[in-house]
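# Coordinate inspection notes
Each chain, written out:
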Amino acid sequence: MMDLLGYGAFFLTTALIFSLVTLGLNLQWGLTGLFNVGVAGFVAIGAYTSALLTTPDDAARLGGFGLPILVGWLGAMVVGGAAAALTGIATLRLRSDYLAITTFGVAVVVQLVALNAQKLTGGPFGIGFIPRPFGGLAETPLLFNLSNLAIVFVVTLIVYLALEHLSRSPWGRVLKALREDERAAISLGKSARFYRVQAFAVGGAIMALAGALQAHFTGFIAPDNYLPALTFQVWVMLIVGGAGSNIGAVIGSILVWAIWAGSGALTSVLFSPEQQARAASLQIVAIGVMLCVILLVRPNGLFGDRPRRARFGKGAKAAPDESAAR
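The paragraphs below set out a description of the structure included in this document. Note that the structure is a prediction, hence the values are computed from the model and not measured.

### Observations regarding the overall build of the protein chain
A tally of regular secondary structure across the protein chain gives 14 helices and zero strands. Its helices and strands taken in sequence order, the protein chain reads α-α-α-α-α-α-α-α-α-α-α-α-α-α from the N to the C terminus. Against the globule reference of 20 Å for 326 residues, the protein chain gives a C-alpha radius of gyration of 22 Å, in line with a compact fold. When the backbone C-alpha atoms are referred to their principal axes, the protein chain occupies close to 80 × 50 × 35 Å. Looking at the protein chain residue by residue over its 326 residues, the buried ones come to 47%. Excluding contacts between residues fewer than 6 apart, the proportion of contacts in the protein chain whose partners are at least 24 apart in sequence is 76%.

### Topic: the environment of P68
Along the chain, the position of P68 falls in the loop between α2 (39-54) and α3 (69-91). Under the relative-accessibility criterion, P68 is labelled exposed at 51%.

### Some words on empty space enclosed by the protein
In this approach the atoms are scanned with a rolling probe the size of a water molecule, which exposes any empty space left behind. This structure, assessed with the given rule, holds one cavity of 30 Å³ or more. In this structure, the largest cavity encloses a volume near 40 Å³. W73, P133, N148, I151, V152, L213, H216 and F217 are the residues that line the largest cavity. Looking at the lining of the largest cavity, the elements that each hand over two or more residues are α6 (141-168) and α9 (192-218). In terms of residue class, the lining of the largest cavity is made up of six nonpolar, two polar and no charged.

### Description of the environment of G123
With respect to the helices, strands and loops of the structure, G123 is situated in the loop between α5 (118-121) and α6. Considered as a pair, G123 and A222 are 99 residues apart in the sequence and their alpha carbons are 7.7 Å apart. With residues near it in sequence (within four places) discarded, G123 still touches A114, L115, A117, Q118 and P223.

### Thoughts on the layout of surface pockets
Looking at the largest pocket, its volume works out to about 550 Å³. As for the largest pocket, its lining consists of 21 residues, of which F18, Q214, N225, L230 and Q233 are closest to the centre. Listing elements by their share of the lining of the largest pocket, those giving two or more residues are α1 (2-31), α9, α10 (228-241) and α11 (246-270). Of the residues in the lining of the largest pocket, the class split is 14 nonpolar, six polar and one charged.

### Focus on α9
The terminal C-alpha atoms of α9 lie 39 Å apart, and with 27 residues this matches the ideal 39 Å at 1.5 Å per residue to within 8%. Here α9 lies mainly inside the structure; 22 of its 27 residues are buried. Remark: G219 follows α9 within two positions and exhibits a positive phi of approximately 80°.

### Some words on the nonpolar core
Note that soluble globular proteins tend to have their nonpolar side chains buried in a common cluster. Counting 77 residues, the largest nonpolar core has V39, I221 and Y226 as its most contacted members. Per-element accounting of this core gives the leading share, 14 residues, to α9. Once you skip the residues sitting within four places of it in the chain, I221 turns out to touch A47, Y48, A51, G126, I127, I130, Q214, A215 and Y226.

### Describing the packing of α6 against helix α7 (residues 170-180)
Geometrically, a packed helix pair is captured by the angle between its two axes and the distance between the axes. Closest axis-to-axis distance for the α6/α7 pair is 4 Å, and the angle between their directions is 70°. One element, α6, and the other, α7, form an angle in the roughly perpendicular class. In this structure, α6 contributes L166, S167 and R168 to the contact, and α7 contributes P170, W171, G172, R173 and K176. Partitioned by chemical class, the residues of the contact of α6 with α7 number three nonpolar, two polar and three charged.

### Quick word on a nonpolar patch on the surface
Taken together, L282, V285, V289, V293, L296 and V297 make up a surface patch of nonpolar side chains, about 560 Å² in accessible area. By the secondary structure assignment, V297 is in helix α13 (residues 282-297).

### Observations concerning the pattern of salt bridges
A full pass over the atoms with the stated rule returns four salt bridges. We note a salt bridge from D58 to R61, for which the minimum N-O separation is 3.9 Å. According to the relative accessible area criterion, R61 is buried, its value standing at 10%. With a shortest N-O distance of 3.1 Å, E182 and R196 are connected by a salt bridge. Of the two residues, E182 is situated in helix α8 (residues 182-187) and R196 in helix α9; the sequence distance between them amounts to 14 residues.

Cut-offs applied
- Residues numbered from 1 in each chain as written.
- Predicted model: local features only at pLDDT ≥ 70, side-chain atom pairs only at ≥ 80, totals over all residues.
- Heavy atoms only, no water.
- Helix = DSSP H or I, 4+ residues; strand = E, 2+ residues; numbered from the N terminus.
- Rg over C-alpha atoms; globule rule 2.2 N^0.38 Å.
- Buried < 20%, exposed > 50% of the residue type's maximum accessible area, 1.4 Å probe, protein only.
- Contact = heavy atoms within 4.5 Å.
- 1 Å grid on protein atoms, 1.4 Å probe; cavity = no way out; pocket = protein on both sides within 12 Å on 5 of 7 lines; lining within 4 Å.
- Points joined across faces, edges and corners; volume = space filled by probe spheres on them.
- Nonpolar A, V, L, I, M, F, W, Y, C, P; charged D, E, K, R; others polar.
- Expected span 1.5 Å × (residues − 1).
- Core = buried A, V, L, I, M, F, W, Y, C linked by side-chain atoms within 4.5 Å.
- Axes fitted to C-alpha atoms, helices over the stretch in contact; angles between N-to-C directions.
- Parallel < 35°, antiparallel > 145°, perpendicular 65-115°, else oblique.
- Patch = residues over 30% accessible without salt bridge, like charges linked within 9 Å, V, L, I, M, F, W, Y side chains within 5 Å.
- Areas by Shrake-Rupley, 256 points an atom, 1.4 Å probe, with all protein chains shown as cover.
- Salt bridge = Lys/Arg side-chain N within 4 Å of Asp/Glu carboxyl O.

Laid out in structure tokens, this is it:
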């Protein structure tokens, strides 16, 4: 029973970290309409920044300042937000697919730097000995996982409430206006590029914070943690939950991670160790099937707005009559 509770806390902690990444993407895409396919790159920036700031000194690489964990998290947000702002300034003139290709290239560059800049990032060996919150409780997994779950829950709740407030503020209404009708928003004196860079920077800072939390939760990071599959997972989480909905971003992350983890556990039971490497692709199949089913039933996601359906019969005849009377 204790082991089950410990695993449940570990599962929820990981799911909430994904929720943070999805909330950042929801601000960029769901609220502003910015097609970011470089999610993994901004998560990696946050993880490596916090790791370099908080790990002990290491002669094999730069960094290792031994600063408090909270300083590492704040530093990750600053660096991640700055990187996203610079990316936005350089690329937000582009539209849809061109912006997607550019942001994907940024993520690939970040992953290659992490892989090859061994003096800074540890190269393929990654960075270890990252301080973990409540590290003294590591010998009692249940308490350790529950303590980390409490921290991640509080951080996620703060970010969620802040984004809910921002989405209802005048700033959030401008972003929605730019997403729905850019020309109309510009005609009212709003700078499309200025607001989009802001949204892109804030979303990147949230993704970097999630990367920092993940780094300190696991205590080790490596370039293989930030492959394009991470971006795929986060996009599926947002689509399933419903773009434009913060609660949908959280619920979608938990649901997709549950299916991902559950399918991985199922393949480890059903297949022999020699076949498990190939069977791991069934996780992608499970996510793909779930995505197709949800999009057929709820095209806008679980918490997205229902599309209006054309009315037939008496309702369809009554509508023109009402409009004509007006």
